[in-house]
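One letter stands for each residue in the lines below.
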2 protein chains.
Amino acid sequence: MTEQYLLDPARQPTLAGVERAAQKVAAILPSTPLLPLAIEGKTVWCKAECLQPIGAFKIRGGWHRLTDLNVEQRKNGVVAFSSGNHAQGVAWAARRLDVPATIIMPEDAPKAKLANTKALGAKVITYDRMSGAREQLAADISRETGAVVVPSFDDPWIVEGQGSCGLEIREQMMAQIGSEPDQIIACCGGGGLASGSALANPEAKIVVVEPEGWDDMKRSLAGGKIVPVKNDPPETDCDALQTLLVSPITFDILRERKVEGVAVSIAEVHNAMRVAFEQLQLVVEPGGAVALAAALAGKISVTNNTAITLSGGNVDNDLFARVIAGS
Amino acid sequence: MTEQYLLDPARQPTLAGVERAAQKVAAILPSTPLLPLAIEGKTVWCKAECLQPIGAFKIRGGWHRLTDLNVEQRKNGVVAFSSGNHAQGVAWAARRLDVPATIIMPEDAPKAKLANTKALGAKVITYDRMSGAREQLAADISRETGAVVVPSFDDPWIVEGQGSCGLEIREQMMAQIGSEPDQIIACCGGGGLASGSALANPEAKIVVVEPEGWDDMKRSLAGGKIVPVKNDPPETDCDALQTLLVSPITFDILRERKVEGVAVSIAEVHNAMRVAFEQLQLVVEPGGAVALAAALAGKISVTNNTAITLSGGNVDNDLFARVIAGS
């Protein structure tokens, strides 16, 4: 594989790319813990990505993408659109590399995510989530400023970067129990984490989990072609997973692996947040708890070599308080 | 140092003993993360002991002590008294080693701690916290059954075991930023964690933090001799730190190191719990948040090589919900 190939934006993400991303990530970020949790007589392994410096796994893709920008690109900066976690990932990497960053965020994003993204020094522009105009906004900014667009999943670097999480899971499970994951249950918005982790674990069964009504990846995989979220999707706490349409770059990887999707209710998500609070002492946001929710609800049967992503923990205080108090 | 010496219950804890404990702990428990947090323009390093399998650092001392029991002792079992975290640490080690465990707990201990200790298979006996009769109860059980008493801090194994936390901090800070801690701010009940971490870090400044009204270690260190908690101490959320009297084994180590104590208010503790929730995505119990509280309140000036123990995260849902909602 040539250096040229690695820097081609139209390339497909690869295991070699995931390994390269993992090396870059490991150079600046210690592994997040892989924590045991008992479910129905089995011990599953929860990957606590909510403990990343930005509170979510998205720091991985942001770092892998931005460190591969050339000198000219770094000068012109980057533009990204995101409900909040990718925003913070790109803003964190941009600040560390001294790259100007503009982030387009939905106006109803959690206050914590908006505030944190601004605190990381990014220029934040808000938009109406359901209008779907964010791609156009990003393209306009890119044309005006020369900034590189950093999509939240539809990009080979992003998939590879998120896949470094799957590689860490594999290495940690080997170190902790002496065997590899046979199943990875991943939270799924656009599918970057799931598809990257699939590349990192060629032998593992991959399951993707989405909130009910936002289960377009599930329906796409079941039907063999990409379909969007249905009209008028329900309200959800899972702001991180409100992707209206996935992309071939993630879908094709998951389809080839015969991945199945599962949808979880908001009550199941809240239960998972309470379990993570009570038994793991972790703060997990709704969108970061869907994979655990599916396992706890018995919608996926677990093994002693099952890994579950707890992919983010950026949740507003009042919502978290209501959830753990059970009201 | 002979094997004989290492197994003498009247011995003093040593750095060599801490290193031995750390090896035993590392063999079964991955290091908890050392997470960066910005305070007043500095980056401090928070040791997330709330992520241990029992939700607190106490698993360290329990494991170090119980693994050094001989065959006869293991058969007769162990007895411990604890507000909850030491209880779980001993119960966890006992279950793993198939040793019978009786734990004496205050009747007003957090529900989560009582339930978790029972779930770990220990026999739980409750007592009235302010009566101070727990030592007698433990002695009676020991005489009747031959069980070994495992104190929560007044014991060389326990100090060395907790000190493995300080050794991990040192190794992780070296790996993450290339230098050792110059200051460790430790939550303090009986002083096991602080004195063990002092042994593990001979060059570091050690600061101990207690809740207001329960600051007997602070007053003992200031006066050069052990004094108890004053009569009618205030109510506190910090159930893990309600030690009425410290012991020479921990006090002497801290006095020799010229350690100073700091006391924090309950409002300062709650603020620290909110910061850990919002910025670290961690659930920290009141007693586990006092060290961070002192740093955030400006009662201790921090450096870029300061480590702060977040020593436990076993807190009831309703209390945590009230604290993070700010009411």
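Refer to the structure presented above.
Residues numbered from 1 in each chain as written. Chains lettered and ligands numbered in written order. Predicted model: local features only at pLDDT ≥ 70, side-chain atom pairs only at ≥ 80, totals over all residues. Heavy atoms only, no water.

### So, the interface of chain A and chain B
At the interface, 23 residues of chain A touch 23 residues of chain B. For the pairing of chain A and chain B, the buried interface totals around 1900 Å² over both sides, and the portion due to carbon and sulfur atoms is 62%. When the buried surface of chain A facing chain B is broken down by residue, F277, Q281 and N317 of chain A rank first, second and third, together holding 34% of it. On inspection of chain A and its partner chain B, the count reaches zero salt bridges. For the pair chain A and chain B, the number of links is eight residue pairs in polar contact (both at pLDDT 80 or more). Taken together, the elements giving at least two residues each to the side of chain A that touches chain B come down to α12 (266-280) and α14 (317-325) of chain A. Within the side of chain A that touches chain B, the residues separate by chemical class into 14 nonpolar, six polar and three charged. (Contact = heavy atoms within 4.5 Å. Buried area = accessible area lost by both parts, 1.4 Å probe. Salt bridge = Lys/Arg side-chain N within 4 Å of Asp/Glu carboxyl O. Polar contact = N/O pair within 3.5 Å; in protein donor to acceptor, adjacent residues only side chain to side chain. Helix = DSSP H or I, 4+ residues; strand = E, 2+ residues; numbered from the N terminus. Nonpolar A, V, L, I, M, F, W, Y, C, P; charged D, E, K, R; others polar.)

### Let's talk about a nonpolar patch on the surface
Residues M130, L244 and L245 of chain A make up a contiguous nonpolar surface patch of roughly 270 Å² in combined accessible area. Tracing the backbone shows L245 of chain A in the loop between α10 (216-223) and α11 (248-256). (Patch = residues over 30% accessible without salt bridge, like charges linked within 9 Å, V, L, I, M, F, W, Y side chains within 5 Å. Areas by Shrake-Rupley, 256 points an atom, 1.4 Å probe, with all protein chains shown as cover.)

### Quick look at helix α6 (residues 111-119) of chain B
Note that an α-helix has 3.6 residues per turn; residues three or four places apart therefore point the same way. Residue and element names in this part refer to chain B. Of the residues making up α6, those classed as buried are K113, L114 and T117. Taken down its axis, α6 places every buried residue within 100 degrees of arc, on the same side. Opposite the buried face of α6, by more than 90 degrees, sit the exposed residues K111 and A119. Buried residues in α6 make contact with α5 (85-97), β4 (101-106) and β5 (123-127). (Buried < 20%, exposed > 50% of the residue type's maximum accessible area, 1.4 Å probe, protein only. Arc of directions from axis to C-beta.)

### Focus: the side chain of S82 of chain B
By the secondary structure assignment, S82 of chain B is in the loop between β3 (78-81) and α5. In this structure the side chain of S82 of chain B is engaged in a polar contact, spanning 3.3 Å, whose partner is the backbone nitrogen of H86 of chain B.

### Re the packing of helix α2 (residues 15-28) of chain A against helix α3 (residues 59-67) of chain A
All names here are of chain A. Following both chains from N to C, one finds α2 and α3 inclined at 100 degrees, their axes separated by 10 Å at the closest point. Relative to α3, the element α2 is oriented roughly perpendicular. Listed contacts from α3 to G17, R20, A21, K24, V25 and I28 of α2 are R60, W63, H64 and T67. Tallied by class, residues from the contact of α2 with α3 come to four nonpolar, three polar and three charged. (Axes fitted to C-alpha atoms, helices over the stretch in contact; angles between N-to-C directions. Parallel < 35°, antiparallel > 145°, perpendicular 65-115°, else oblique.)

### Quick word on the pattern of salt bridges
Residues and elements named next belong to chain A. The full count for this structure, using the stated rule, is 32 salt bridges over all chains. A salt bridge links K111 to D316; its shortest N-O distance comes to 3.9 Å. With K111 in helix α6 (residues 111-119) and D316 in the loop between β10 (306-310) and α14, this residue pair connects regions lying 205 residues apart in the sequence. Overall, K111 belongs to the exposed group, its relative accessible area being 62%.

### Observations regarding the relation of the copies chain A and chain B
Each of the two chain copies goes to the other by way of a rotation about an axis and a shift along it. Taken as rigid bodies, chain A and chain B are interconverted by a rotation of 180 degrees and an axial shift of 0.0 Å, the fit giving an RMSD of 0.0 Å. Taken together, these values place the two copies in the relation of a two-fold axis. No C-alpha of chain A approaches the rotation axis more nearly than that of A321 of chain A, which lies at 2.1 Å. An overlap of 100% is found between the interface residues of chain A and their copies at the interface of chain B, pointing to a shared contact surface. (Least-squares fit on C-alpha atoms with pLDDT ≥ 70 in both.)

### Re α14 of chain A
Those residues of α14 of chain A not exposed but buried are N317, L319, F320, A321, V323 and I324 of chain A. Next to the buried residues of α14 of chain A lie α12 of chain A together with α12 (266-280) and α14 (317-325) of chain B. Just downstream of α14 of chain A lies G326 of chain A, where phi reads positive at about 80 degrees.

### Description of the environment of V90 of chain B
Residue and element names in this part refer to chain B. Assignment of secondary structure puts V90 in helix α5. The class of V90 is buried, set by a relative accessible area of 0%. Separated by 27 residues in sequence, V90 and W63 place their C-alpha atoms 7.2 Å apart. Contact partners of V90, with chain neighbours within four places excluded, come to L66, V78, A80, I103 and V150.

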